[in-house]
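Listed below, chain by chain, are the residues.
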Amino acid sequence: MNHPILPISSPSASSAMVAASPFTANAATMLIQEHHDETTRLLIDDRAVETKPFLTRASSYNSAGTAVNGSSFYQQRRRRIASDTSLPSLTMDGGCRSESVAHAASDTFLLTRLGFKLLRCLVVGYRWITRFLALGCYALLLMPGFFQVGYYYYFSSQVRRGIVYGDQPRNRLDLYLPKNSDGPKPVVAFITGGAWIIGYKAWGSLLGQQLSERDIIVACIDYRNFPQGTISDMVNDASQGVSFVCNNIAEYGGDPNRIYLMGQSAGAHIAACTLLEQAIKECGEGESTSWSVSQIKAYFGLSGGYNLFNLTDHFHGRGLYRSIFLSIMEGEQSLRRYSPEVMVQDPNLKAAVADLPPIILFHGTADYSIPPDASKSFAEALQRVGVKAESIMYEGKTHTDVFLQDPMRGGQDDMFDDIVSAIHANDPEALAKDAVAPPRKRLVPEFMLKMARAVSPF
């Protein structure tokens, strides 16, 4: 019998913060996992970089769509845990540049730790050693693009990094703002992928940069990963992040009436679960909510999986072993709850499903990490229960083609154009600007992109 792995953390870890240092320990997490014939014990020392929110106060959403005083405790709590490491101004003076270097160093530490975390979770063997070698080669070939995107991420005045949206570790988000500030902008709340283990908000920096160039604000929401948290923690974090965007984006120039929810890979699954759970809450009696499904104009799923029953064996064959995957999803008994394709077909949830916004699913036909049938099947299930949904397939595209190689190639990008067209569909002026927008610049030479595609472990 498989027992789900659950985090055991210090009760004071979520509330005790030390403001004297920008890099302070938030929690020490002990996880114990038991399986048929082996016991795996993981000790993870998780650290979070505390940053100060840019808002002095925020409102909460209620059923009447008005601000309520109940958010005061949340705001006081958010101010207490914030440190003095947030960006003080938009100017790139010496102090700000030093602070950006500090952020870069802390993020490098975090990414290195995430890599080791993945190794410890996936049981190092021949298969994973070869895959990590392939991943190293893949990253090296795309490094020219990563350097340019990284420079933009750390030094652009249009990026607000590490905005606090909750009290848990990694409850932070990044905002990518357009240079043009003439009127409220549409907003994309984006949940990044990472196999539920190595997701990170900076993974959305390329998408954020390119969408912001089309006058679209992007909020990349970070969340706890396994083994720091399990799927319910990830969904809760994503929901809090979406709530922050819905209630506060107007202060950053966003249009609260044009918010789109998007996720990629594992992030697409988390975002879909978040949206459905919110709809279910709103249909329940006495449920308190801080945002509403009605505030989401549409959901975009990029290369996601939505039926865990169909994916468990597939992931096991690709190295995300069944025992680990079931631990992430809190056991076999939770697979149904976190399978949006299955849940939307439950007759008891008909009222909640009816409240879902339009859903568009994007997928490459050569995707072997998550088969394209995952998006097709989910779209068909949604259509059967009356939800406006469609799946768009990109012939010959892999899991990383649509999210990394094609955007780094510059020029025309079919999926990017489809997303922008959907967001600007009812804005003739924005569509006219899109028609004459300059082509995006190439970030990586073509021969390196082709080599990266060939060695990609995804």
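Source: prediction; values computed, not measured.

### Let's talk about unusual backbone geometry
Note: most peptide bonds trans; most residues except glycine with negative phi. Along the chain, Phe226 connects to Pro227 via a cis peptide bond; the corresponding omega equals 10 degrees. Checked against the element boundaries, Pro227 lands in the loop between β6 (217–221) and α6 (231–248). The phi dihedral of Ser265 is positive, around 60 degrees, even though this residue is not glycine. Among the structural elements, Ser265 can be located in the loop between β7 (254–264) and α7 (266–283). The class for Ser265 is buried, based on a relative accessible area of 11%.

### So, the nonpolar core
In this structure, Leu175, Trp196, Leu261, Ile270, Tyr299, Ile328 and Leu356 are the most contacted members of the largest nonpolar core, which totals 68 residues. Here this core gets nine residues from one element, more than from any other, and that element is α7. Look past the residues within four positions of Tyr299 in its chain and what remains in contact with it is Leu261, Gly263, Ala268, Ala271, Ala272, Leu275, Tyr306, Pro357, Pro358, Ile359, Ile360 and Leu361. Within the second largest apolar cluster, 41 residues are counted, among which are Leu141, Leu207, Met262 and Ala452.

### Remarks on the packing of α6 against α7
Orientation of α6 relative to α7, taken along the N-to-C sense of each, is 75 degrees, at an axis distance of 9 Å. It follows from the interaxial angle that α6 and α7 lie roughly perpendicular. On α7, the residues that touch Ile231, Met234, Val235, Ala238 and Ser239 of α6 are His269, Ile270, Cys273, Thr274, Glu277 and Gln278. Class assignment for the residues of the contact of α6 with α7 results in six nonpolar, four polar and one charged.

### With respect to the confidence of the model for the protein chain
Residues at a pLDDT of 70 or more form 72% of the protein chain, whose mean pLDDT is 80. Segment residues 1–92: pLDDT under 50, and 188 contacts once partners within four positions in sequence are set aside and those in other chains are kept.

### Focus: the side chain of Ser375
With respect to the secondary-structure elements, Ser375 resides in helix α12 (residues 373–384). Here Ser375 falls in the buried class, since its relative accessible area comes to 0%. At 2.7 Å, the side chain of Ser375 forms a polar contact with the side chain of His363. In this structure Ser375 touches Gly304, Tyr306, Leu361, Phe362, His363, Ser391 and Met393, once residues within four positions along its chain are discounted.

### Some words on the packing of helix α4 (residues 143–155) against helix α5 (residues 205–212)
Here α4 crosses α5 at 70 degrees, and the two axes come no closer than 10 Å. Classified by the angle their axes make, α4 and α5 are roughly perpendicular. When α4 is examined against α5, the residues Val149, Tyr152 and Tyr153 are found in contact with a partner set consisting of Ser205, Leu206, Gln209 and Ser212. A per-class count over the contact of α4 with α5 returns four nonpolar, three polar and no charged.

### Describing the pattern of salt bridges
Overall, the coordinates contain 20 salt bridges when judged by the stated rule. Ionic pairing is found between Asp215 and Lys185, a salt bridge with its closest N-O pair at 3.7 Å. Of this pair, Asp215 sits in the loop between α5 and β6 while Lys185 sits in strand β5 (residues 185–191), placing them 30 residues apart in sequence. This pair shows no difference in class: Asp215 is buried, exactly as Lys185 is. Shared partners join several salt bridges into a network, and the residues in it are Lys397, Asp406, Arg409, Arg442 and Glu446.

About the thresholds
- Residues numbered from 1 in each chain as written.
- Predicted model: local features only at pLDDT ≥ 70, side-chain atom pairs only at ≥ 80, totals over all residues.
- Heavy atoms only, no water.
- Helix = DSSP H or I, 4+ residues; strand = E, 2+ residues; numbered from the N terminus.
- Buried < 20%, exposed > 50% of the residue type's maximum accessible area, 1.4 Å probe, protein only.
- Core = buried A, V, L, I, M, F, W, Y, C linked by side-chain atoms within 4.5 Å.
- Contact = heavy atoms within 4.5 Å.
- Axes fitted to C-alpha atoms, helices over the stretch in contact; angles between N-to-C directions.
- Parallel < 35°, antiparallel > 145°, perpendicular 65-115°, else oblique.
- Nonpolar A, V, L, I, M, F, W, Y, C, P; charged D, E, K, R; others polar.
- pLDDT = per-residue confidence, 0-100.
- Polar contact = N/O pair within 3.5 Å; in protein donor to acceptor, adjacent residues only side chain to side chain.
- Salt bridge = Lys/Arg side-chain N within 4 Å of Asp/Glu carboxyl O.

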